[in-house]
Amino acid sequence: MAETLIIPQNSTKTEKYNAIIPQIKAITDAETDLIANLANVVAILKETFNFFWVGFYMVKENQLVLAPFQGTLACTRIPFHKGVCGACYRSRATLIVPNVDEFADHIACSSASKSEIVVPVLSKNEVVAVLDVDSDVLDDFDEADKEGLEKIIEIVGKLF
Ligand code: SME
């Protein structure tokens, strides 16, 4: 397995997503352990975009439970009816929150977090996890992130 990530410098977000997607596919194809693969996916996202916080919450015991992540200490359990992550679970759709202070139900794991994108991971038509990405900058996520992360999450869903 290639252990060095190739990330094009001075390129757009879309170009970066397009560069890492085949690498994520190759790395996860070479390993059968789910947690090992999720850990590498968040490591790749952190290394490529230097996100403030990026990680998975997995559906377990009727709630969302913290799984591999990179960033600061985080809430470990999120009920389905709470937070941006819970809203993403319920809607089964990607949610972009430009200003977390304006999202009534936002769960502040870190006061530094300003904007957020959450993408549902589907396997056999069930939401099995969500990918949560937080930024310490307002309005940091756009359609390019949505498209890129959804492509990555399509690969991730097949690992479950
Ligand atoms: N802000 C999320 C909780 C998870 S942390 O950001 C890591 C939410 O409102 O669901």
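All values reported here derive from a predicted model rather than from experimental measurement.

Q: Can you tell me about the nonpolar core, naming the residues and giving the values?
A: L45, F56, L131 and I152 are the most contacted members of the largest nonpolar core, which has 31 residues in total. Elements with a minimum of two residues in this core: α1 (13–29), α2 (34–49), β1 (53–60), β5 (115–123), β6 (126–135) and α4 (143–157). The dominant element in this core, judged by the number of residues it contributes, is α2, at six residues. Once residues lying within four places of it in the same chain are set aside, the contact partners of I152 are Y17, I20, I21, I24, V41 and L45. Residues C85, C88, V118 and V127 belong to the second largest nonpolar core, which totals 14 residues.

Q: An account of the site of the ligand is requested, with residue identities and associated values reported.
A: Every residue lining the ligand is accounted for by W53, Y57, I78, G83, V84, C85, H106, I107, C109, E116, D132 and D134. Backbone polar atom of C85 to an oxygen atom of the ligand: 2.8 Å apart, as the coordinates give it. When the ligand is considered free in solution it has 310 Å² of accessible area, and contact with the protein chains removes 100% of it. If you map the ligand onto the pockets, it falls in the largest cavity. When residues in the shell around the ligand are grouped by element, the largest group, three residues, is from helix α3 (residues 83–91). A per-class count over the shell around the ligand returns seven nonpolar, two polar and three charged.

Q: Requested: an account of the packing of α2 against α4, with residues and values cited.
A: Orientation of α2 relative to α4, taken along the N-to-C sense of each, is 165°, at an axis distance of 11 Å. Looking at the two axes, α2 sits roughly antiparallel to α4. Note on packing geometry: the crossing formed by α2 with α4 is right-handed. On α4, the residues that touch L38, V41 and L45 of α2 are L149, I152 and V156. In terms of residue class, the contact of α2 with α4 is made up of six nonpolar, no polar and no charged.

Cut-offs applied
Residues numbered from 1 in each chain as written. Predicted model: local features only at pLDDT ≥ 70, side-chain atom pairs only at ≥ 80, totals over all residues. Heavy atoms only, no water. Core = buried A, V, L, I, M, F, W, Y, C linked by side-chain atoms within 4.5 Å. Buried < 20%, exposed > 50% of the residue type's maximum accessible area, 1.4 Å probe, protein only. Helix = DSSP H or I, 4+ residues; strand = E, 2+ residues; numbered from the N terminus. Contact = heavy atoms within 4.5 Å. Near = heavy atom within 4 Å. Polar contact = N/O pair within 3.5 Å; in protein donor to acceptor, adjacent residues only side chain to side chain. Areas by Shrake-Rupley, 256 points an atom, 1.4 Å probe, with all protein chains shown as cover. 1 Å grid on protein atoms, 1.4 Å probe; cavity = no way out; pocket = protein on both sides within 12 Å on 5 of 7 lines; lining within 4 Å. Sits in = over half its atoms within 2 Å of the grid points. Nonpolar A, V, L, I, M, F, W, Y, C, P; charged D, E, K, R; others polar. Axes fitted to C-alpha atoms, helices over the stretch in contact; angles between N-to-C directions. Parallel < 35°, antiparallel > 145°, perpendicular 65-115°, else oblique. Left-handed = near helix turned anticlockwise from the far one by under 90°.

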